[in-house]
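The chain contents come next:
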Amino acid sequence: MVDSKPRILRVALPIPLRRVFDYLPPENVDQSTLKPGARVKVPFGSSKKKADRVGVILEIVDDSEFEIGKLKACSEVLDLDPLFSKQQLDLLKWASAYYHHSVGEVIFSAIPTLLRQGATATLPTTRSWRLLATAPEPNDNSLKRAVKQAEMLEQLRQQSRGLQAENLKQLGSGWRNVISKLIEKGWVEEIETEISCSPTHIDSTVQRPDLNKHQTIAVDEISSQIDTFQTFLLDGVTGSGKTEVYFRVIEKVISKQRQALILIPEIGLTKQLIDRFKARFSCSITVLHSGLSDKERMSAWLLASQGKASIVIGTRSAIWTPTPKLGVIIVDEEHDSSYKQQDGFRYSARDIAIVRAQHEKIPVILGSATPALESLNNVKQEKCRHLILPERAGKAVPPTIGFLDIRSSDLNNGLSKILIEKIKHCLADNKQALLFLNRRGFSPVMMCHDCGWIASCRHCDANLTFHQAARQMRCHHCGSQQRMQTHCPDCEDSELVPIGQGTEQVTEILEQMFPEARVLRIDRDSTSKKGEMDRMLAMIQNNEADILVGTQMLSKGHHFPNVTLVGILDADNRLYGADFRSTERLAQLIIQVAGRAGRAEHPGEVYIQTHHPEHPVLHALSKYDFSGLAEQLMQERSDALLPPFSSMIMLRAEASQAGDAMNFLLDAKAQISHSEQVEVWGPMVAQMERRAGRFRAQLIVQSTQRQLLHRMLDQWIPKVESLKKPYSLRWSLDVDPQDTF
Ligand code: ADP
Ligand code: ZN
Ligand code: ZN
C-alpha cells in the first residue's frame with residue numbers, strides 16, 4: 001500500500017504548558033527516517049516573535065485533532081539516530097504523568113544544554129599529533145642544531161598513539177611553532193579523534209578484600225537477580241563495606257558487556273570517590289556533575305548514550321542519562337535529600353531509579369546506613385529486599401555515642417568544658433577531631449545590646465548572618481548581602497553584638513584555644529572555589545589538619561581514617577523542627593556524622609551537646625542503633641497517617657503582593673472534587689512567608705490511596721491551570737514533597 005498521506009509528528013517543547021504540539025514532517029524528507037526520540041526544529045510562537053525552537057518527537061501518528069491543512073511543517077530534523085529509545089521515552093512520559101509536569105520540560109531536563117540548543121549529537125573531537133615513519137632517528141645530524149625539535153620528536157616517540165596539546169605544552173610556550181615545523185618537514189601528522197574512553201577491563205592485579213559473610217550474602221543475592229527487576233536495600237553502617245558490594249556487582253555487570261549507573265548525593269561526588277572507582281576498574285568511566293562545562297557534559301552524556309562508557313557516575317540528574325545496555329542502578333546514600341529536585345520539575349531521582357529499573361528489568365540497589373522510612377516501608381511491604389551489613393568491615397569497631405548536657409553548664413563560645421577536654425586528649429594522641437555545626441558564617445544574629453534591634457533581610461522574613469572574614473552581612477535565603485553594620489540604626493552609639501555561633505566563629509575560638517593545632521573549616525563558603533573541597537579532603541587524608549569544623553557537607557560518605565573524636569554542637573535545632581521529617585533527618589545526620597569517627601583501626605567517640613538529653617530520639621541514638629529508632633518513627637508516622645503511610649502533594653504559590661498566593665490557593669482548593677479519602681490541609685502561609693521579596697503560601701493534599709490521589713490530580717490540575725491569577729503569581733506542584741515548610 002502506498003501511503004501518500006503525510007504522517008503527523010507529535011512534538012514536545014520545553015515550555016510549562018502540559019501539552020504536545022502537532023507538526024507535519026519537513027518537506028523533501030523521507031518519512032521513514034523520522035523516529036520518536038529525535039530532535040526537530042519547529043516554528044513556534046506568535047507571528048511577531050516567531051522563532052524556530054528545538055523539540056523532541058514523542059510520537060508519529062496518523063491523525064490530529066486539528067485540521068491537517070492548518071498544521072505547520074517542521075523546519076529541520078536534527079537527529080537521524082534518536083536521542084532516546086522508546087523505553088527511555090516511556091520513562092520520561094511516565095515521569096511527566098506521575099509528577100503532573102509538562103512533558104516537554106521533563107524531556108528537556110534530561111538533555112544536556114548544548115543538545116537542547118540544537119547542537120549536533122556527535123562526540124566532540126580532540127586534536128593530537130603523531131610521529132610518522134619518515135621522522136629521523138634521535139641522533140640524526142639534521143637535528144644537531146634543532147634542540148627543541150629533537151626534544152619534541154623524542155616525546156612523540158614515547159607515545160605511539162600521539163600526544164595532545166596539554167602534553168606538549170610542557171615543552172614550553174613555543175611548542176606550536178615547533179610542531180608546525182615538524183609537520184612542514186613531513187615528520188609529524190596532525191589527527192582529529194573523537195573523545196573516547198578506553199575499553200573496559202577488570203584489572204586482575206588490583207587488590208580486592210575477601211568479602212565477609214554478610215557481604216557475600218548480599219553479593220550472591222543481587223547476582224542471582226541480575227537479569228530481573230528487583231529493588232534491594234543495602235542497609236549497612238558506615239564502613240561496613242557497601243562500596244565493596246557495589247564493586248563486585250559492577251564487575252559482574254560490566255563483564256557481561258553491560259553498563260552500570262551509580263548515583264551519588266550532590267556533596268558526596270568527590271575526586272576521592274572517583275579515584276576509588278578508577279583504581280578498581282581500569283575502564284571507561286564517565287562522570288556527570290554540576291561542575292562540568294557544557295561541552296564536557298555533552299561528551300559524558302553521549303559516551304553513556306552510545307554505550308561507550310561502562311560506568312556512569314553522577315548526581316541527581318544523571319538518572320536520566322540514556323544507556324543502551326544498562327545492567328544495574330545503584331543509589332548510594334539513598335536517604336539523601338539532594339536526590340529530590342527542589343524547583344522546576346520536582347522529581348525524586350531515587351524513585352525514578354526504581355521505576356527505571358522496573359522498565360529495564362534490572363536490579364536497583366539502594367545503599368544507606370540510615371535508610372529513608374519510605375525504603376524501610378517498602379521492605380515491610382516486600383517490594384524491596386533487605387540486605388543487612390551489621391558490622392564494620394575489616395578491623396574498625398563502632399563508635400560510642402555520649403550526650404553532653406549543656407543545660408546548666410557554661411559554654412565557652414558554644415563549646416562545653418568536657419568537649420574541650422576531649423579535643424585536648426584527641427590532639428595529644430595525634431588524632432583528628434571533627435566538630436559539626438550546621439550553620440555557616442560567624443554568627444546567625446547581630447543584635448543591639450541596648451534595644452534588642454536585630455539586623456534582618458529587606459527581602460525575606462529572616463535575620464542576616466554575619467560573615468566576619470568578608471566583613472558582610474548575608475541573607476542565607478535570598479543571597480542578598482551588604483557591608484557589615486557596626487552600630488544600631490535606632491540608638492546611634494550602641495554597637496551591634498554577634499549572638500550565637502557559626503562555623504567561622506567556632507574555628508576562630510579553636511585557633512585561640514589550641515594555637516598549635518591546624519584548624520580547617522569546611523563549609524559552602526570555604527569550598528566555593530573549584531577544586532577547594534578536593535584539596536581540603538586531601539589535607540585531611542594527609543594529616544595536614546588537626547581539627548575539622550564543618551557543616552553537613554562533612555557528613556557525607558567521606559573516609560577519614562584518623563578522625564577519632566566527633567562533636568555535634570547544635571543537635572537541638574532540629575529536635576523540634578516544624579517538618580514531620582525533621583527527627584528522621586536529625587537521626588540520619590547524627591548517625592552519618594558519627595560514622596566519620598573511627599573508620600579505621602582507632603575506635604571513635606561521638607559527643608552530642610544538647611539541652612534535651614532525655615529526648616527519646618537521642619536516647620535511641622545513644623546505642624548507635626538507627627533501625628530501632630526507625631521502628632519508633634515508623635509507628636509515629638503510621639499513627640498519624642503521614643508518608644510513607646499516605647501519599648502527599650503540595651501546591652505552592654508565591655506572588656509579589658501579600659495575600660495573592662493565599663487567595664489563589666483558596667480558589668484552587670474550591671476546585672477539588674471532594675472525596676472521603678482525600679484530605680486537604682490549608683492553605684496556609686509558608687513558615688517564612690516572605691522570601692526574596694515574594695509572599696508564599698501552600699496547600700497540602702493527602703490520601704492513603706496513591707492511585708486515588710493521582711486520579712484526583714488528573715482532574716484538578718487542568719482546572720488550577722485555567723484559574724485567573726495576578727500577573728506576578730507563580731504556582732508549582734510538588735508530588736511527594738521532601739520539605740513541607
Ligand atoms: P561503606 O561504603 O559501607 O562506608 P566501604 O566499602 O567504604 O564502606 O568500606 C570501608 C573500608 O573497609 C574501606 O577501606 C574498604 O576497603 C574496607 N573493606 C571493605 N570490605 C572489606 C572486607 N571484606 N575486608 C576488609 N576490608 C574491607
Ligand atoms: Zn539599639
Ligand atoms: Zn533575604
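Residues numbered from 1 in each chain as written. Chains lettered and ligands numbered in written order. Predicted model: local features only at pLDDT ≥ 70, side-chain atom pairs only at ≥ 80, totals over all residues. Heavy atoms only, no water.

S.K.: What should I look at first to understand the overall build of the protein chain in this one?
M.R.: Helix and strand counts for the protein chain stand at 21 helices and 32 strands. Projected onto its principal axes, the C-alpha coordinates of the protein chain cover approximately 85 × 80 × 65 Å. In the protein chain, which comprises 741 residues, the share counted as buried stands at 53%. In the protein chain, of all internal contacts separated by at least 6 residues, the share reaching a separation of at least 24 is 75%. When the accessible area of the protein chain is evaluated, it comes to approximately 34,800 Å², of which 48% is carbon and sulfur surface. For the protein chain, the centre of its 91 positive side-chain charges and the centre of its 89 negative side-chain charges are spaced 4 Å apart. (Helix = DSSP H or I, 4+ residues; strand = E, 2+ residues; numbered from the N terminus. Buried < 20%, exposed > 50% of the residue type's maximum accessible area, 1.4 Å probe, protein only. Contact = heavy atoms within 4.5 Å. Areas by Shrake-Rupley, 256 points an atom, 1.4 Å probe, with all protein chains shown as cover. Lys, Arg positive; Asp, Glu negative; His and termini not counted. Charge placed at Lys NZ, Arg CZ, Asp CG, Glu CD.)

S.K.: What is the right way to look at the pairing of strand E32 (residues 730–735) in this model?
M.R.: The side chains of a regular strand alternate, residue by residue, between the two faces of the sheet. Here E32 lies mainly inside the structure; 5 of its 6 residues are buried. As paired strands, strand E29 (residues 647–655) and E32 are joined by 6 bridges and run antiparallel to one another. Within E32, the position partnered with Arg652 by the bridge is Ser732. (Pairing = 2+ DSSP bridges.)

S.K.: What exactly am I supposed to notice about the packing of aromatic side chains here?
M.R.: The relation between two aromatic rings is expressed through the spacing of the ring centres and the mutual angle of the planes. This structure, assessed with the given rule, holds 13 aromatic pairs. Relative to Tyr98, the ring of Trp94 lies with its centre 4.9 Å away and its plane at 10°, an arrangement referred to as stacked. In this pair, Trp94 and Tyr98 are both assigned in helix H1 (residues 86–98), 4 residues apart and thus about one turn of the helix distant. For the pair Phe345 and Tyr347, a centre-to-centre distance of 4.9 Å together with 40° between the ring planes defines the contact as tilted. The pair formed by Phe345 and Tyr347 is uniform in burial state, with each residue classed as buried. Ring pairing ties together the aromatic residues Trp94, Tyr98, Tyr99, Trp320, Phe345 and Tyr347, which thus form one cluster. (Phe/Tyr/Trp six-rings, centres within 6.5 Å; stacked < 30°, edge-to-face > 60°.)

S.K.: Would you mind showing me how to read the pattern of salt bridges here?
M.R.: Pairing is possible between side chains that carry opposite charge, provided their charged atoms lie close to one another. Evaluated as defined, the whole model comprises 35 salt bridges. Salt-bridge contacts for Arg518 lead to Asp546; the nearest nitrogen and oxygen are separated by 3.1 Å. Of this pair, Arg518 sits in the loop between helix H14 (503–513) and strand E25 (519–522) while Asp546 sits in the loop between helix H15 (532–541) and strand E26 (547–550), and the two are 28 residues apart along the sequence. Looking at Arg518, the relative accessible area reads 40%, which means it is partly exposed. Under the relative-accessibility criterion, Asp546 is labelled buried at 17%. One salt bridge in this structure joins Arg706 and Asp736, with 3.7 Å as the shortest N-O distance. (Salt bridge = Lys/Arg side-chain N within 4 Å of Asp/Glu carboxyl O.)

S.K.: How should the site of ligand 1 be read in this particular structure?
M.R.: In the neighbourhood of ligand 1, 17 residues make up the surrounding shell, with Asp210, Gln215, Gly239, Lys242 and Thr243 lying closest. Gln215 has a polar side-chain atom sitting 2.8 Å from a nitrogen atom of ligand 1. Protein contact buries 76% of the 550 Å² of open area that ligand 1 shows by itself. At 3 residues, the largest contribution of residues to the shell around ligand 1 is made by helix H8 (residues 242–255). Classifying every residue of the shell around ligand 1 by side-chain character gives 4 nonpolar, 8 polar and 5 charged. (Near = heavy atom within 4 Å. Polar contact = N/O pair within 3.5 Å; in protein donor to acceptor, adjacent residues only side chain to side chain. Nonpolar A, V, L, I, M, F, W, Y, C, P; charged D, E, K, R; others polar.)

S.K.: Please clarify how the sheet that holds strand E2 (residues 21–23) should be interpreted in this entry.
M.R.: Within a sheet, each strand pairs with its neighbour through backbone hydrogen bonds, oriented either parallel or antiparallel. Strand order in the open sheet made by the 5 strands is E2-E1-E4-E3-E5, with antiparallel pairing throughout. The open sheet has two free edges, formed respectively by E2 and strand E5 (76–77), since each of these has just one partner strand. When strand E1 (residues 8–12) meets E2, the two strands line up antiparallel, connected through 3 bridges. Bridge pairing in E2 links Leu9 to Tyr23.

S.K.: Can you walk me through the coordination of the zinc ion (ligand 3) in this structure?
M.R.: Octahedral metal centres with six donors ideally show angles of 90 or 180 degrees, and tetrahedral centres with four donors ideally show 109.5 degrees. Looking at the zinc ion (ligand 3), the protein donor atoms are Cys457 (SG), Cys460 (SG), Cys475 (SG) and Cys478 (SG), and they sit 2.2 to 2.3 Å from it. Coordination at the zinc ion (ligand 3) comes from 4 donor atoms whose angles at the metal span 105 to 114°, giving a geometry best classed as tetrahedral. Taken in chain order, the donor set of the zinc ion (ligand 3) reads C-x2-C-x14-C-x2-C. Pair noted here: Cys460 is in the loop between strand E20 (445–448) and strand E21 (465–467) and Cys478 is in the loop between strand E22 (472–474) and strand E23 (481–483), with a separation of 18 residues, a long-range link. Here Cys478 falls in the partly exposed class, since its relative accessible area comes to 28%. (Donors = N, O, S within 2.8 Å, 3.2 Å for Na, K, Ca; no water. Tetrahedral: all angles 85-135°; square planar, octahedral: opposite > 155°, others 65-115°.)

S.K.: Please explain the coordination of the zinc ion (ligand 2) as it appears in this structure.
M.R.: For the zinc ion (ligand 2), the full set of protein donor atoms is Cys448 (SG), Cys451 (SG), Cys488 (SG) and Cys491 (SG), and the range of their distances to it is 2.1 to 2.4 Å. Considering all 4 donor atoms around the zinc ion (ligand 2), the spread of angles at the metal, 107 to 113°, places the coordination shape in the tetrahedral class. Donor residues for the zinc ion (ligand 2), ordered by position in the chain, follow C-x2-C-x36-C-x2-C. Pair noted here: Cys451 is in the loop between E20 and E21 and Cys491 is in the loop between E23 and strand E24 (496–499), with a separation of 40 residues, a long-range link.

S.K.: Help me out: how do you make sense of helix H19 (residues 626–640) in this one?
M.R.: Given 3.6 residues per helical turn, the α-helix brings residues three or four places apart onto the same face. Compared with an ideal rise of 1.5 Å per residue, which puts 15 residues at 21 Å, H19 spans 21 Å between its outermost C-alpha atoms and is within 8% of the ideal. The complete set of buried residues in H19 reads Phe626, Leu629, Ala630, Leu633, Met634 and Arg637. Across the axial projection of H19, the buried residues extend over an arc of 140°, all falling on one side. Looking at the packing, one finds that the buried side of H19 touches helix H12 (373–380), helix H17 (582–594) and helix H18 (616–621). Immediately downstream of H19, the backbone of Leu641 shows phi near 50°, a positive value. (Expected span 1.5 Å × (residues − 1). Arc of directions from axis to C-beta.)

S.K.: Sorry, what's going on with the sheet that holds E25 here?
M.R.: The parallel open sheet is built from 6 strands, whose spatial order is E18-E28-E27-E19-E26-E25. One side of each edge strand has no neighbouring strand; the edge strands of this open sheet are strand E18 (400–405) and E25. On average, each strand axis in the sheet is tilted by 20° relative to the strand beside it, whichever way the strands run. Bridge count between strand E19 (residues 432–436) and E26: 4 bridges; the pairing is parallel. For Phe436, the partnering residue across the bridge sits in E26 and is Gly550. The strands touched by helix H13 (residues 417–428) are E18, E19, E26, strand E27 (563–568) and strand E28 (605–610); relative to E27, the strand with the most contacts, the crossing angle is about 165°. In this fold H15 packs onto E19, E25 and E26, with an angle of close to 145° to the strand it touches most, E25. (Axes fitted to C-alpha atoms, helices over the stretch in contact; angles between N-to-C directions.)

S.K.: Teacher, can you tell me more about the packing of helix H4 (residues 147–158) against helix H6 (residues 175–184) here?
M.R.: Angle between the axes and distance between the axes: these two values describe a pair of packed helices. At a closest axis distance of 10 Å, the pairing of H4 and H6 adopts a crossing angle of 80°. Overall, the two elements H4 and H6 adopt an arrangement that is roughly perpendicular. Judged by residue contacts, Lys148, Gln149, Met152, Leu153 and Leu156 of H4 engage Trp175, Val178, Ile179, Lys181 and Leu182 from H6. Looking at the contact of H4 with H6 residue by residue, the class counts come to 7 nonpolar, 1 polar and 2 charged. (Parallel < 35°, antiparallel > 145°, perpendicular 65-115°, else oblique.)

S.K.: Teacher, can you tell me more about unusual backbone geometry here?
M.R.: Peptide bonds are trans in most cases, and residues, glycine excluded, mostly fall at negative phi. Backbone torsion omega between Pro643 and Pro644 reads 5°, so that peptide bond is classified as cis. Among the structural elements, Pro644 can be located in the loop between H19 and E29. Of note, the bond from Gly682 into Pro683 is cis; its omega dihedral lies within 30 degrees of zero at 5°. Mapped onto the secondary structure, Pro683 falls in strand E30 (residues 678–691). Although it is not a glycine, Glu333 adopts a positive phi angle of roughly 50°. Among the structural elements, Glu333 can be located in the loop between strand E15 (326–332) and helix H11 (349–360).

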